[in-house]
Amino acid sequence: MWCYRGGSISAEPRINDRIRVPEVRLVGPSGEQVGIVPLAKALELAQEYDLDLVEVAATARPPVCKLMDYGKFKYESAMKAREARKNQAHTVIKEMKLRPKIDPHDYDTKKGHVVRFLKQGDKVKITIMFRGREQSRPELGYRLLQRLAEDVQDLGFVESNPKQDGRNMIMVLGPHKKKTEAMAEARQAQEARKADAKANPGRSQNAADIEAPDEESAEAPAEAPAEEHAEA
């Protein structure tokens with residue numbers, strides 16, 4: 001009686017003596033076609049070149065095998081996969097909450113966060129929170145959302161028009177710039193800063209000395225961080 005005990009199926013290709021076929025279609029280390037040869041001959045050539053015999057097309061008849069340094073191949077494949085994940089753009093929605101009667105300074109601070117998010121290629125969900133009698137005047141929130149959309153129109157557009165949601169009014173802004181473009185520009189700017197710092201090692205230190213605040217001066221209060229929420 002046959003019994004399946006589970007266990008994962010390996011996704012790794014068969015190499016060297018794990019290949020169990022009488023003959024293979026062999027590809028040389030530089031990609032040249034050697035032709036169909038007995039498995040023993042292919043293993044002998046692999047030993048001569050000090051390489052591995054790797055099955056690259058198991059479903060072909062006969063299977064296609066290549067002479068290569070399998071350890072180096074795995075390392076390069078892992079690096080390529082890591083770079084691909086690094087450059088992968090994830091859709092993220094940042095959230096910014098405002099009150100209908102927001103203070104001008106607070107508005108400028110919130111708008112600054114929205115600008116930063118849009119420059120990064122992220123969407124921004126703007127939430128106007130109504131309390132008490134403010135709920136009877138939704139036009140205050142609508143005008144505030146319109147004002148914000150106009151202030152950042154160079155960086156983003158209204159993806160979802162303002163709509164009432166219980167005690168809140170919500171609008172979604174989308175960036176003109178794609179996430180991948182924003183990430184590429186950020187990397188370029190970072191590389192440029194590193195190159196400049198390497199070429200002028202004393203400049204950044206001198207600038208830091210000039211901009212350093214006096215010990216006796218009062219420390220300005222830090223701005224409250226913006227609220228960020230990843231899209232589910």
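Below you will find a few notes about this structure. Just so it is clear, the model here is predicted, and its values are computed rather than measured. Sequence positions are assigned chain by chain, starting from 1 and proceeding in written order. Residues qualify for local features only when their pLDDT is at least 70, as the model is predicted, and side-chain atom pairs are given and counted only at 80 or more; totals for whole chains, interfaces and linings, by contrast, use all residues. To get the side-chain values, all heavy atoms of the structure are used, and hydrogens and water are removed first.

1. Digging into the sheet that holds strand β8 (residues 168-175)
Keep this limit in mind: The criterion for strand pairing is that DSSP finds at least two bridges linking the strands in question. Secondary structure elements follow DSSP: runs of H or I no shorter than four residues count as helices, runs of E no shorter than two count as strands, and numbering proceeds from the N terminus. With axes taken as lines fitted to C-alpha atoms, and helix axes fitted only over the stretch in contact, angles between N-to-C directions fall between 0 and 180 degrees.
Judged by pairing direction, the sheet is mixed, and its four strands sit side by side in the order β5-β6-β8-β7 without closing on themselves. In this open sheet, the two strands that pair with only one neighbour each are β5 (93-98) and β7 (156-165). Each adjacent strand pair in this sheet contributes to an overall mean axis angle of 20 degrees, direction not counted. In this sheet, β8 lies alongside strand β6 (residues 123-129) in antiparallel orientation, the contact comprising six bridges.

2. Examining the environment of Ala 46
Condition: The buried label applies to any residue whose accessible area, calculated with a 1.4 Å probe on protein chains only, is under 20% of its type's maximum; exposed applies above 50%, and partly exposed to all values in between. We call two residues in contact whenever any of their non-hydrogen atoms come within 4.5 Å of each other.
In this structure, Ala 46 sits in helix α1 (residues 39-49). Taking relative accessible area as the criterion, Ala 46 reaches 2% and is therefore assigned buried. With 21 residues separating them in the primary sequence, Ala 46 and Leu 67 have C-alpha atoms 6.2 Å apart. Residues in contact with Ala 46, not counting those within four places in the same chain, are Leu 51, Asp 52, Leu 53 and Leu 67.

3. A few points about the side chain of His 113
As a reminder, the rule being used: Polar contacts here mean pairs of N or O atoms no more than 3.5 Å apart (in protein, one a potential hydrogen donor and the other a potential acceptor; neighbouring residues in sequence count only if both atoms are side-chain atoms).
By the element assignment, His 113 lies in helix α3 (residues 104-119). In this structure the side chain of His 113 is engaged in a polar contact, spanning 3.1 Å, whose partner is the side chain of Arg 116.

4. A look at the nonpolar core
Just so we agree on the cut-off: Among the buried residues, those of types Ala, Val, Leu, Ile, Met, Phe, Trp, Tyr and Cys that are joined through side-chain atoms within 4.5 Å form a nonpolar core.
Membership of the largest hydrophobic core comes to 19 residues, with the highest contact counts inside it found for Met 96, Leu 98, Val 114, Val 124, Ile 126, Ile 128 and Leu 173. Counting residues in hydrophobic clusters, the runner-up holds 12 residues, among them Val 37, Leu 39, Leu 45 and Cys 65.

5. Let's talk about the sheet that holds strand β3 (residues 52-57)
Across the sheet, four strands lie side by side as β2-β1-β4-β3; this open sheet has mixed pairing. The open sheet has two free edges, formed respectively by β2 (33-38) and β3, since each of these has just one partner strand. Recorded for the sheet is a direction-independent mean angle of 35 degrees between the axes of neighbouring strands. Sheet topology note: the strand β1 (residues 23-27)/strand β4 (residues 64-68) ladder contains three bridges and is parallel. Looking at β4, one finds that Arg 25 is bridged to Val 64. Sitting on the sheet, α1 touches β1, β2, β3 and β4, and the angle it makes with β2 is about 125 degrees.

6. Overview of the packing of α3 against helix α4 (residues 138-151)
Rules: When describing relative orientation, an angle under 35 degrees is termed roughly parallel and one over 145 degrees roughly antiparallel, while 65 to 115 degrees is termed roughly perpendicular and anything else oblique. In a left-handed crossing the near helix is turned counterclockwise from the far helix by less than a right angle, and in a right-handed crossing that turn is clockwise.
At their nearest, the axes of α3 and α4 sit 11 Å apart, and the two run at 50 degrees to each other. By the criterion of interaxial angle, the relationship of α3 to α4 is oblique. In terms of crossing hand, the pair formed by α3 and α4 is right-handed. Where α3 abuts α4, its residues Tyr 107, Lys 111 and Val 114 lie against Leu 144, Arg 147, Leu 148 and Asp 151.

7. Looking at unusual backbone geometry
With omega at -5 degrees, the peptide bond leading from Arg 61 into Pro 62 counts as cis. Within the secondary structure layout, Pro 62 lies in the loop between β3 and β4. Backbone geometry at Asn 16 places phi at a positive 50 degrees, although glycine is not the residue there. By secondary structure assignment, the location of Asn 16 is in the segment before β1. Look at Asn 16 and you get partly exposed, because its relative accessible area is 22%. The phi dihedral of Asp 50 is positive, around 60 degrees, even though this residue is not glycine. Structurally, Asp 50 can be placed in the loop between α1 and β3.

That is the geometry; function is a separate question.
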